[in-house]
Amino acid sequence: MNNSWIRPARINDIPFLVETVLEAEKSGGDHAPIARLFGLNEEEARGLIATMFEEEIEGCEFSLGSFLVVDQGEGAEAAVAGWVEGANEDGMSAQILRANLIGFTFPARAMDKMRANGPAVSALAVPRNTGTLQIEYVHVAAASRGKGYAQALILQHMACAVRSNVPRPRCKSLGTTRAPFHYTSNWDLNGRKLMFRTIRMLRTYCLITRNG
Amino acid sequence: MVDGAETPLVHMERDLITSKIQMTLIAVLGHGRFELHDDLTASDVEGWDSLTHMSIITGLEKEFDVKFKLREINKLRNMGTLIELISAKLA
């Protein structure tokens, strides 16, 4: 992590966040469900996802404010979304915020296609508990993999959760980097012991960042 | 007596809005197993998920011939706030 730092995502990062959403949804495959279920090609989906980020709605996976990124001075190279469910200004669930964003942004033909794919769309819904940390959409640019960026970002989200007394994180298995998920899942299952390890690792990481 | 004359009218409009919302919900959800009151939220109603939510919002826009703004619908905490929003748009 030398010469790199973690920061909140900014408007200029939206192209990278769009890439993050699509690559994480593909999970190493060829098709992103968010495009396929709505009958969109990838370029159409790319533009619509960017529009959703530009709305700057807080509290879901399409919120600019949910993302932390790793920057080495030339823009984002890794991104992870994290938010505390229902902790936004109006206490809205991510499910409803996401639905509102999609409904407001996507064209009518996409909504018709979505309705036709209703059961598949419903099957992708993630049950979320209010007040828990949600970690989604993990992506590291291909050239920057193997440097621990995804783990550092997840730990940073978790550190914020520890500080705000969030009971436990919840992971959705969407991402191009798998290792950090095991770590987070273990924290979920085993509680305090791994939480202690997490905090120690985070301190190590922060020290490196400050010196870098 | 002016107040007395206006109050029933306001109530009647609210009742009409409530009734139309109820009809829209039944049409989208395919059931009427809910009691419509101001504190009702999506999580209280069977089948009101992200998928049906989009159809409900679209259905309400058609029913009342209004267009919601994204920031308006993101502030709808419960049925009471939805009725107030529609009422304000119809005023």
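Conventions we followed
- Residues numbered from 1 in each chain as written.
- Chains lettered and ligands numbered in written order.
- Predicted model: local features only at pLDDT ≥ 70, side-chain atom pairs only at ≥ 80, totals over all residues.
- Heavy atoms only, no water.
- Helix = DSSP H or I, 4+ residues; strand = E, 2+ residues; numbered from the N terminus.
- Buried < 20%, exposed > 50% of the residue type's maximum accessible area, 1.4 Å probe, protein only.
- Contact = heavy atoms within 4.5 Å.
- Areas by Shrake-Rupley, 256 points an atom, 1.4 Å probe, with all protein chains shown as cover.
- Expected span 1.5 Å × (residues − 1).
- Polar contact = N/O pair within 3.5 Å; in protein donor to acceptor, adjacent residues only side chain to side chain.
- Core = buried A, V, L, I, M, F, W, Y, C linked by side-chain atoms within 4.5 Å.
- Buried area = accessible area lost by both parts, 1.4 Å probe.
- Salt bridge = Lys/Arg side-chain N within 4 Å of Asp/Glu carboxyl O.
- pLDDT = per-residue confidence, 0-100.
- Axes fitted to C-alpha atoms, helices over the stretch in contact; angles between N-to-C directions.
- Parallel < 35°, antiparallel > 145°, perpendicular 65-115°, else oblique.
- Left-handed = near helix turned anticlockwise from the far one by under 90°.
- Nonpolar A, V, L, I, M, F, W, Y, C, P; charged D, E, K, R; others polar.

What to know about the overall build of chain B
- Looking only at helices and strands, one finds four helices and zero strands in chain B.
- Reading the secondary structure of chain B in the N-to-C direction produces α-α-α-α.
- Classification of the 91 residues of chain B by burial places 40% in the buried group.
- Pairs at least 24 residues apart make up 52% of the contacts formed inside chain B by residues separated by at least 6 positions.

Remarks on the overall build of chain A
- The number of helices and strands found in chain A is nine helices and five strands.
- The proportion of buried residues among the 212 residues of chain A is 50%.
- Sequence-distant contacts, at least 24 apart, represent 76% of the contacts inside chain A between residues at least 6 apart.
- Within the structure as shown, chain A displays about 9900 Å² of accessible surface, and the carbon and sulfur contribution to it stands at 51%.

A few points about the environment of Leu17(A)
Residue and element names in this part refer to chain A.
- Structurally, the position occupied by Leu17 is in helix 1 (residues 14-26).
- With relative accessibility at 0%, the residue Leu17 sits in the buried group.
- For the pair Leu17 and Tyr149, spaced 132 residues apart in sequence, the C-alpha to C-alpha distance is 15 Å.
- Sequence-distant contacts of Leu17, that is, excluding residues within four places in its chain, are made with Ala9, Phe53, Leu64, Phe67, Val69 and Ala79.

Considerations on helix 2 (residues 50-64) of chain B
All names here are of chain B.
- Counted at 1.5 Å a residue, the expected span for helix 2 with its 15 residues is 21 Å, and the 21 Å between its end C-alpha atoms agrees.
- All of the buried residues in helix 2 are Ser50, Leu51, Thr52, His53, Met54, Ser55, Ile56, Ile57, Leu60, Glu61 and Phe64.
- Between the side-chain oxygen at the start of helix 2 and the backbone nitrogen of Leu51 there is a gap of 3.1 Å, and the oxygen is on Asp49.
- Taken from the residues just after helix 2, Asp65 is the one with a positive phi, measuring 55°.

Considering the nonpolar core
- In this structure, Ile49(A), Phe62(A), Phe106(A) and Ile21(B) are the most contacted members of the largest nonpolar core, which totals 69 residues.
- The leading source of residues in this core is helix 1 of chain A, at seven residues.
- With residues near it in sequence (within four places) discarded, Phe106(A) still touches Ile34(A), Phe38(A), Leu40(A), Leu48(A), Met52(A) and Met111(A).

Side note on the environment of Met111(A)
- Among the secondary structure elements, Met111(A) is positioned in helix 5 (residues 108-116).
- Taking the relative accessible area as the measure of exposure, Met111(A) reaches 6% and is therefore buried.
- C-alpha separation for the pair Met111(A) and Gly39(A), spaced 72 residues apart in sequence, amounts to 8.9 Å.
- Dropping the residues within four chain positions of it, Met111(A) is found in contact with Phe38(A), Ile102(A), Gly103(A), Phe106(A) and Met54(B).

Points about the interface of chain B and chain A
- On the chain A side, the residues contacting the 19 residues of chain B number 20 residues.
- Both sides together, the interface formed by chain B and chain A hides about 1700 Å², and carbon and sulfur atoms give 59% of it.
- Together, Met54(B), Leu70(B) and Asn74(B) form the three largest contributors to the area buried by chain B at its contact with chain A, with a combined 36%.
- In this structure, Arg77(B) and Asp90(A) form a salt bridge, with 4.0 Å as the shortest nitrogen-oxygen distance.
- Secondary-structure elements contributing two or more residues to the side of chain B that touches chain A are helix 2 and helix 3 (70-73) of chain B.
- It is helix 2 of chain B that provides the largest number of residues to the side of chain B that touches chain A, a total of seven residues.

Description of the pattern of salt bridges
- Under the definition given, this model contains 20 salt bridges over all chains.
- As a salt-bridge pair, Lys26(A) and Glu23(A) come within 3.5 Å of each other at their nearest N and O atoms. Here Glu23(A) and Lys26(A) lie together in helix 1, a separation of three residues that amounts to about one turn.
- Residue classification places Lys26(A) among the buried positions, given a relative accessible area of 14%.
- Of the charged contacts, one joins Glu72(B) and Lys89(B) as a salt bridge, the two residues approaching to 3.1 Å between their closest N and O atoms. A residue pair is termed long-range when its members are at least 10 positions apart, and Glu72(B) in helix 3 and Lys89(B) in helix 4 (residues 79-90) qualify at 17 residues.

Brief notes about the confidence of the model for chain A
- In the predicted model, chain A carries a mean pLDDT of 78, and 76% of its residues have values of at least 70.
- Here residues 171-212 of chain A scores under 50 on pLDDT; set against residues more than four positions off or in separate chains, the count is 70 contacts.

So, the packing of helix 3 (residues 42-54) of chain A against helix 4 (residues 94-105) of chain A
Residue and element names in this part refer to chain A.
- Where helix 3 meets helix 4, the closest approach of the two axes is 10 Å, and the angle between their N-to-C directions is 120°. Considered as vectors, helix 3 and helix 4 are oriented oblique to each other. The two elements helix 3 and helix 4 cross, and the hand of that crossing is right-handed. Listed contacts from helix 4 to Leu48, Thr51 and Met52 of helix 3 are Leu101, Ile102 and Thr105.
- In terms of residue class, the contact of helix 3 with helix 4 is built from four nonpolar, two polar and no charged.

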